[in-house]
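Given next are the chains, with one letter for each unit.
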Amino acid sequence: MSTSRSEPRTVEFGGSDGVTLVADEWNHDAPPADRPTVLMLHGGGQNRFSWKNTGQVLADHGLHVVALDSRGHGDSDRAPNANYTVDALCADTLAVLEQIGRPVALIGASMGGMTGMLVADAAGPQKVTNLVLVDVVPHYEKDGSARIRDFMASGMDGFETLDEAADAVAAYLPYRTRPRNPEGLKKNLRLRDGRWYWHWDPAFLTAPMDDPFVRVEKLDRAVMNLTIPILLIRGKLSDVVSPEGVSDFLRKVPRAEFVELSEAGHTAAGDDNDAFSDVVVQFVCR
């Protein structure tokens, strides 16, 4: 492990459609020649700070790490015409890969994992060398997905206080220990006209979505094409990825490795970050 602690810097990438994407980057000066860059893609309604702890752990192992805000999330530009389809996210990520200019290990959670499947297939094994899928498979549970959208929609009108936002998070993630101080939520919220709003484009929820049947077929085809090492991580408490969904994935992608985190749900990286980071470091540094 590297002895000097690397601090992240904020950088910008050009996405597709003229969108500017913001990221945190660690170890930008001296990426190791024998290891890929790690590019981390968050889930819907999250942002690059979801990866803060894992990014730091990977950086402390000497890896070059980029945690990206997807279009419409965090500090990245909102999408023209509210185009938040998985194809648009894929085009953005392919553009970022070109700008990084070296082999990449992709880590994608939920929406970021769907993007990662398509990107790894489109870019090829010279550009994407490893893929980590965090609680996401092509055939996910519709009820769990609907619960995410309900949670996101519940904050559309903003919150009067940070405590009120923390209450909403605690109701959505009842198994996660609630922080004593809600100040950490400021990374995910912005204060406007006296109310706290989630830091993503509301049009992300209301924009036309791509056809889910076409998307599932596309994801299945992409992931079955891959020849690179793949790791699927499931949170045992997840209601988005079921054991049946995992079995279906492993049957179609028999080379993939699978790890289940017993203390985590759908938001696995935040639910049990130590266990999550250990698994990811072992896989990427192998």
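Residues numbered from 1 in each chain as written. Predicted model: local features only at pLDDT ≥ 70, side-chain atom pairs only at ≥ 80, totals over all residues. Heavy atoms only, no water.

A.B. asks: Where do I start with the sheet that holds strand β1 (residues 9-14) in this structure?
C.D. replies: Backbone-to-backbone hydrogen bonds join strands into a sheet, with any given pair of strands oriented parallel or antiparallel. Ordered in space as β1-β2-β4-β3-β5-β6-β9-β10, the eight strands form an open sheet in which the pairing is mixed. Each having just a single partner strand, β1 and β10 (257-261) make up the two edges of the open sheet. With direction set aside, neighbouring strand axes in the sheet form an average angle of 20°. Here strand β5 (residues 104-109) pairs with strand β6 (residues 128-134) via six bridges, running parallel. Pairing of A105 across the sheet is with N130, part of β6. (Pairing = 2+ DSSP bridges. Helix = DSSP H or I, 4+ residues; strand = E, 2+ residues; numbered from the N terminus. Axes fitted to C-alpha atoms, helices over the stretch in contact; angles between N-to-C directions.)

A.B. asks: How should empty space enclosed by the protein be read in this particular structure?
C.D. replies: Rolling a probe over the atoms, with the probe sized like a water molecule, indicates the empty space that remains. Within the structure shown, the criterion is met by one cavity of 30 Å³ or more. Roughly 60 Å³ of internal volume is contained in the largest cavity. What lines the largest cavity is simply L41, L68, S70, R71, L89, D92, T93, M111, G112 and T115. Of the residues that constitute the lining of the largest cavity, the class distribution is four nonpolar, four polar and two charged. (1 Å grid on protein atoms, 1.4 Å probe; cavity = no way out; pocket = protein on both sides within 12 Å on 5 of 7 lines; lining within 4 Å. Points joined across faces, edges and corners; volume = space filled by probe spheres on them. Nonpolar A, V, L, I, M, F, W, Y, C, P; charged D, E, K, R; others polar.)

A.B. asks: Where do I start with the nonpolar core in this structure?
C.D. replies: Nonpolar side chains in soluble globular proteins tend to end up buried together. Counting 65 residues, the largest nonpolar core has F13, L39, I230 and F249 as the members making the most contacts within it. With seven residues, helix α3 (residues 111-123) is the largest single contributor of residues to this core. Here I230 is in contact with L131, L133, V223, F249, V253, R255, A256, E257 and F283, once residues within four sequence places are set aside. Membership of the second largest hydrophobic core comes to 27 residues, among which are V65, V134, F276 and V281. (Core = buried A, V, L, I, M, F, W, Y, C linked by side-chain atoms within 4.5 Å. Buried < 20%, exposed > 50% of the residue type's maximum accessible area, 1.4 Å probe, protein only. Contact = heavy atoms within 4.5 Å.)

A.B. asks: Would you explain unusual backbone geometry in this entry?
C.D. replies: With the exception of glycine, most residues fall at negative phi, and the peptide bonds are largely trans. The phi dihedral of D135 falls on the positive side, at around 50°, and the residue is not glycine. Relative to the assigned elements, D135 resides in the loop between β6 and α4 (142-154). Given a relative accessible area of 1%, D135 falls into the buried group. At D193, a residue that is not glycine, the phi angle is positive and equals roughly 50°. Along the polypeptide, D193 turns up in the loop between β7 (189-192) and β8 (195-198).

A.B. asks: Mind showing me how you'd approach the pattern of salt bridges here?
C.D. replies: A pair can form between side chains of opposite charge whenever their charged atoms are brought close. Within the structure shown, the criterion is met by 20 salt bridges. With its nearest N and O atoms 3.0 Å apart, the salt bridge here joins D75 to R48. Separated by 27 residues along the polypeptide, D75 in the loop between β4 (65-68) and α2 (86-100) and R48 in the loop between β3 (37-41) and α1 (52-60) bring together distant segments of the chain. You can call D75 partly exposed: its relative accessible area is 35%. Residues joined in a network through salt bridges with shared partners are D24, R48, D69, D75 and R190. (Salt bridge = Lys/Arg side-chain N within 4 Å of Asp/Glu carboxyl O.)

A.B. asks: Which parts of the structure should I look at to understand the side chain of D69?
C.D. replies: When you line up the elements, D69 lands in the loop between β4 and α2. Side chain to side chain, D69 and R48 meet in a polar contact 2.5 Å long. Setting aside residues no more than four positions away along its own chain, D69 makes contact with L21, V22, H42, N47, R48, G74, D75 and S76. (Polar contact = N/O pair within 3.5 Å; in protein donor to acceptor, adjacent residues only side chain to side chain.)

A.B. asks: What should I look at first to understand the pairing of β6 in this one?
C.D. replies: Residues in a regular strand project their side chains so that they alternate between the two faces of the sheet. β6 sits mainly inside the fold: six of its seven residues count as buried. Chirality of the crossover, the property in question, places the unit of β5, α3 and β6 among those that are right-handed. Pairing geometry for β6 and strand β9 (residues 230-235), over four bridges, is parallel. If you follow V132 over to β9, its bridge partner there is L231. (Right-handed = clockwise from strand over helix to strand, strands pointing away.)

A.B. asks: How should I be thinking about the packing of α3 against helix α7 (residues 212-225) in this particular structure?
C.D. replies: Geometrically, a packed helix pair is captured by the angle between its two axes and the distance between the axes. Packing of α3 against α7 leaves a shortest axis separation of 8 Å and a crossing angle of 50°. Taken together, the axis directions place α3 and α7 in an arrangement best described as oblique. Between α3 and α7 lies a crossing of left-handed hand. On the side of α3, the interface is formed by M114, M117, L118 and D121, while α7 contributes R215, K218, L219, A222, V223 and N225. Of the residues contributing to the contact of α3 with α7, the split by class is six nonpolar, one polar and three charged. (Parallel < 35°, antiparallel > 145°, perpendicular 65-115°, else oblique. Left-handed = near helix turned anticlockwise from the far one by under 90°.)

A.B. asks: How do you make sense of the packing of aromatic side chains when you look at a structure like this?
C.D. replies: Here the distance between the centres and the angle between the planes together describe a pair of aromatic rings. For the coordinates displayed, the defined rule picks out six aromatic pairs. Note on F151 and W198: the rings are 5.9 Å apart at their centroids and 55° apart in plane angle, and the pair reads as tilted. Of this pair, F151 sits in helix α4 while W198 sits in strand β8; the two residues are 47 residues apart in sequence, bridging distant segments of the chain. This pair shows no difference in class: F151 is buried, exactly as W198 is. A centroid spacing of 5.5 Å and a plane angle of 80° characterise the contact between F159 and W198, whose relative ring orientation is edge-to-face. Here the residue F159 occupies a position in the loop between α4 and α5 (162-172), and W198 occupies one in strand β8, the gap between them amounting to 39 residues. You'll find F159 and W198 in the same group, each marked buried. An aromatic cluster is defined as three or more aromatic residues linked by ring pairs; in this entry it consists of F151, F159, Y172 and W198. Seen from the ring of F49, K187 lies directly overhead, with NZ or CZ sitting 4.4 Å from the centre. A cation sits over an aromatic face here: R192 above Y197, 4.2 Å from the ring centre. (Phe/Tyr/Trp six-rings, centres within 6.5 Å; stacked < 30°, edge-to-face > 60°. Lys NZ or Arg CZ within 6 Å of the ring centre and 35° of its normal.)

Take it as geometry only, folks, not as evidence of what the structure does.
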